[in-house]
Each structure stands twice: as C-alpha cells, then as structure tokens.
Amino acid sequence: MARKSPLLKRAAIAVVSVIAIYVILNASVSPSLPSSSDLIREEDEQPRAPIHPKVKVYMYDLPNRFTHGIIEQHAIVRNGLKNPIDDVTTLKYPGHQHMHEWYLFSDLNRPEADRPGSPIARVSDPADADLFYVPVFSSLSLIVNAGRPVDPGSGYSDEKMQEELMDWLESQEWWRRNKGRDHVIPAGDPNALYRILDRVKNAVLLVADFGRLRPDQGSFVKDVVIPYSHRVNLFAGEIGVEARSTLLFFMGNRYRKDGGKVRDLLFQVLEKEEDVTIKHGTQSRENRRAATKGMHTSKFCLNPAGDTPSACRLFDSIVSLCVPVIVSDSIELPFEDVIDYRKFSIFVEAGVALEPGFLVGMLRRIGTEKVLEYQREMKQVRRYFDYDNPNGAVKEIWRQVSQKLPLIKLMSNREKRLVLRNSTEPDCSCLCTNQTGLVTSV
C-alpha cells in the first residue's frame, strides 16, 4: 500500500493540472459567456423597437410638358392666358379636388431638413433608389379641356400627353429594368391615364378608387387609395350640435352615371323631408361657399356614390365635423390600416337608403351624445385628409407607398425567373377589389 501512495499523488496532481489548464483556456477563449444572472437580466429588459430605414425615392426630372407645362395649358384654356410665360415654374397650380399630385411633387422638392418624420427620403442618384416617382400632373391634364370641344390638330390633348409620357418612360433604363413595378404614378382622377393604363399597370398607382380599373390593372395589393383634396374650409369651432340646425345636408351634382344614379333616386326620396337640405350644384366658388356653410351647420352629411364609388364630398364632410352618411356599396377608403371609419361614419346600403322614410328616421333616432362621439373621432383623424397638414395626407400616402416595397421586390425577382406564358387570366399577383362579399352596412 505504501508503494501505491506516490502513484496516487502523481495522478491527483495530473488531474488538478488538467482542470486548471481547462479553466485558464476557457476563461481566455470565452470570457463573455453569460452567467445565469446575466440571462435573467436580459430576459427582464424591454425589447427595443426596430429601426426602419427610410425608403429611398428618386423623383424623375420630367420634361416640363408633363408638369408645369400642363399648368400653363390650363391657364391658357381656363384663364385666358395670352402671352407665353418665360418661366412656367412660377405659375400657380390651380385648385381642384385631385391636388395630391401637386402636394407630393412639392414635398419631394423640399430639402430633407424640411421633411421631418417622412418615411421616405429623396435621392439624387437613381442607382440608389428603392422606388421611382413619376410626378406627372395626370389629373390636371384630364380637366384642361374638360367639357370643351377641341378641333383636331389644335389646342391641348390629354391623350397626346399620355402617349408622350409612355414613350418617355419606356426610354428610361430604370423603367425597363423591372417593367415599371418599382415606379409610383399619381392617377387620382378615376379617368386619369385611361389611355395608357395597360402600359403602366405594373406600377404603384395612387388612385381615389378602383371604379374604372379592371382587377388586373389595380388592386389593394399593388396600389394606394388616396383621399381627395377637400374643397371646403376646415371647421374651426369646437364639437357640438347647438349651431347645427340641419339634420342632413347634401349639395352636388344630382345626375351621375353608373353607381352615381343613386343620387337622383335619393333626391326623390329626401327633397321634401323637413330639416333636410339637398341641392343640385356644380363646382364653383359660390357653391363651395354655400357647401361650406351647409356642412358646418349640419349634423349629418350625405355621401352618395358619384360616377365612381368615391367622391370628394366625404372628405369635405370629415373636415367639417359633419357625420358622413355613406351610400356607396363599393366604396374604398384611404388609410384603413390605421383608421376605422365606422367610428365616425354611418354606412347605409343603397337599397335600404332608398326606402321612403328610412334614412331620416334612422338619423333622427341618433342622440346628441352619439353625434358628439362621432365628432370627437373625426377631430382625431381629420389631419389624415388634410394635404396642408405637415403630419397629414402627404406623409400618410408616402407611408403607404413605402409599405409596398417588400412586395415590389418579391414580384420583380419572381418575374425574372418565371417562364413566359400566354394567358388572359390574372395571375396570383392580382387581388380583386370590393366587388363581391357580405353586406355589413345598415
């Protein structure tokens, strides 16, 4: 036994040495391994909010004939401008219900320091861009000669402008690269760019609704629904019903096409009702003043469909704190990812609204507290529909546009590896708009 003792001692020394070497090496190689207390502290920490980089947007420097030149043509036709303007950029963009194109153009022309909180940043090099903005004044172009016959070969032609725009775009390498998928084009008037829609349908279109678009031309997946520019003044007073003596107000064109035919039928049902004001009127300064007064002194404002499901009047109602009564079964609305319109609007199915006595009977049963609740909600959200508000419509449109980028990248990459095929059916990149479904309105 005595002879085994030295052996045991030597073995013990060897084991201790190995353990010591392991500890030293482990400490030097992995000095930052967390302890159990470290892990507990990390789990207790609040997660940090992810930082989203701004989407980089390149705005094309379009030839003047697609921007300020259209303002000049409008001034010639509408205002009798006689002499050519040396610098057309000094001309003022005329007021109308589709002024988004001017506000977005102006926003991107501001220095970045003057655009705090914007989800996008303008870049000067197209190679750095995520998206490309085409600042054509397509809605203004449409109304230059609206209602005015133009002799062949003379005057301004919106159709010619569209064709020239398409030729210009197709000459750009950045358009050809992804067939326009990463381009953003304003087309707010439902008839804007109608001649070239099939050639720009890959792009993100900024639209008021999908009333004139086929499912393969426009959808919620690809495009952005934007608000009309309100044409009445913002209501500057506080919420309340004391100064709102009229139950229901409407002033606008009585006769419309397609879904707008409901207007004439509503006139027939409502024009003899007490405490209801319903008038035929077209766009003019005098009528805008009358509409402003009417909306500011009414509890509810009727919003029927126009030639397409949407109309400017809805946004006039909201900024007036006049509760919208929407009679448009296929309407689409802007910014519904952050706005619940049911909190401040009343939706009534067209067939129900035309039942004699139903509409006014329903509105008369709504108490003062409920009206005040609607008004409070409108006051909270009306900035979203104000293009002059620095935290309003412009910023929200860019936010929605920036959210399209992942899908644009997906579709651009997907298309490059697909086998070309002949098909007249929309593919899986198309999502149809609100054409069918359950009726959930009143």
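As recorded in an unreviewed UniProt entry, the protein goes by Exostosin GT47 domain-containing protein and comes from Brassica cretica. Its UniProt record gives the protein the following Sequence similarities (unreviewed entry) comment, quoted word for word: "Belongs to the glycosyltransferase 47 family." Comment text from UniProt for the protein, heading Subcellular location (unreviewed entry), reads "Golgi apparatus membrane".

Undergrad: Explain the side chain of Ser118 to me, please; I cannot follow it from the model alone.
TA: Counting through the fold element by element, Ser118 comes out in the loop between helix H4 (100-108) and strand E2 (120-122). Under the relative-accessibility criterion, Ser118 is labelled buried at 7%. Here the side chain of Ser118 touches Arg115 through a polar contact of 2.9 Å, side chain to side chain. Among residues more than four places away in sequence, those in contact with Ser118 are Lys54, Lys395 and Trp398.

Undergrad: Honestly, the state of the cysteines in this entry has me stumped. Any pointers?
TA: Each disulfide consists of a covalent bond between the sulfur atoms of two cysteine residues. Under the definition given, this model contains one disulfide. The residue that forms a disulfide with Cys301 is Cys322, at a sulfur-sulfur distance of 2.1 Å. Classification of the bridge connecting Cys301 and Cys322 rests on its S-S torsion, roughly 105 degrees, and on that basis the disulfide is right-handed. Taken together, the residues Cys301 in strand E9 (residues 298-304) and Cys322 in the loop between helix H11 (313-319) and strand E10 (323-327) connect sequence positions 21 residues apart. Taken as a pair, Cys301 and Cys322 share a single burial class, namely buried.

Undergrad: What exactly am I supposed to notice about the nonpolar core here?
TA: Nonpolar side chains in soluble globular proteins tend to be buried together. In this structure, Ile185, Leu248 and Leu302 are the most contacted members of the largest nonpolar core, which totals 108 residues. With eight residues, the next largest nonpolar core counts Val232, Ala291, Val319 and Cys322 among its residues.

Undergrad: When you look at the pattern of salt bridges in this model, what are you seeing that I'm missing?
TA: Once the charged atoms of two side chains with opposite charge are near each other, the side chains can pair. Evaluated as defined, the whole model comprises 23 salt bridges. The salt bridge involving Arg364 is made with Asp275; its shortest N-O contact spans 2.9 Å. Placement of the pair is Arg364 in helix H13 (residues 358-364) and Asp275 in the loop between helix H9 (262-270) and strand E8 (276-280), with a sequence separation of 89 residues. You can call Arg364 partly exposed: its relative accessible area is 43%. Since its relative accessible area comes to 37%, Asp275 is described here as partly exposed. Each of Glu163, Asp167, Glu170, Arg195 and Arg199 takes part in a single network of salt bridges with overlapping partners.

Undergrad: Help me understand unusual backbone geometry in this model?
TA: Although it is not a glycine, Leu193 sits at a positive phi angle of roughly 60 degrees. For Leu193, a relative accessible area of 2% translates into the label buried. Unusually for a residue other than glycine, Asp275 sits at a positive phi of about 50 degrees.

Undergrad: Hey, could you run me through the packing of aromatic side chains in this one?
TA: Given two aromatic rings, one states the distance between the centres and the angle between the planes to describe the pair. Counted by the stated rule, this structure contains 20 aromatic pairs. Both rings, one in Tyr58 and one in Phe132, keep their centres 6.1 Å apart while their planes meet at 65 degrees; by these two values the pair is edge-to-face. You can see Tyr58 sitting in strand E1 (residues 55-59) and its partner Phe132 sitting in strand E3 (residues 131-133), a full 74 residues away along the chain. Consider the rings of Phe250 and Phe267, whose centres lie 5.9 Å apart with planes at 85 degrees: the pair is edge-to-face. Note that Phe250 is positioned in strand E7 (residues 246-252) and Phe267 in helix H9, a separation of 17 residues in sequence.

Reading the values: rules and limits
- Residues numbered from 1 in each chain as written.
- Predicted model: local features only at pLDDT ≥ 70, side-chain atom pairs only at ≥ 80, totals over all residues.
- Heavy atoms only, no water.
- UniProt positions renumbered as here; feature names shortened; annotations may be inferred.
- Helix = DSSP H or I, 4+ residues; strand = E, 2+ residues; numbered from the N terminus.
- Buried < 20%, exposed > 50% of the residue type's maximum accessible area, 1.4 Å probe, protein only.
- Polar contact = N/O pair within 3.5 Å; in protein donor to acceptor, adjacent residues only side chain to side chain.
- Contact = heavy atoms within 4.5 Å.
- Disulfide = S-S within 2.5 Å.
- Core = buried A, V, L, I, M, F, W, Y, C linked by side-chain atoms within 4.5 Å.
- Salt bridge = Lys/Arg side-chain N within 4 Å of Asp/Glu carboxyl O.
- Phe/Tyr/Trp six-rings, centres within 6.5 Å; stacked < 30°, edge-to-face > 60°.

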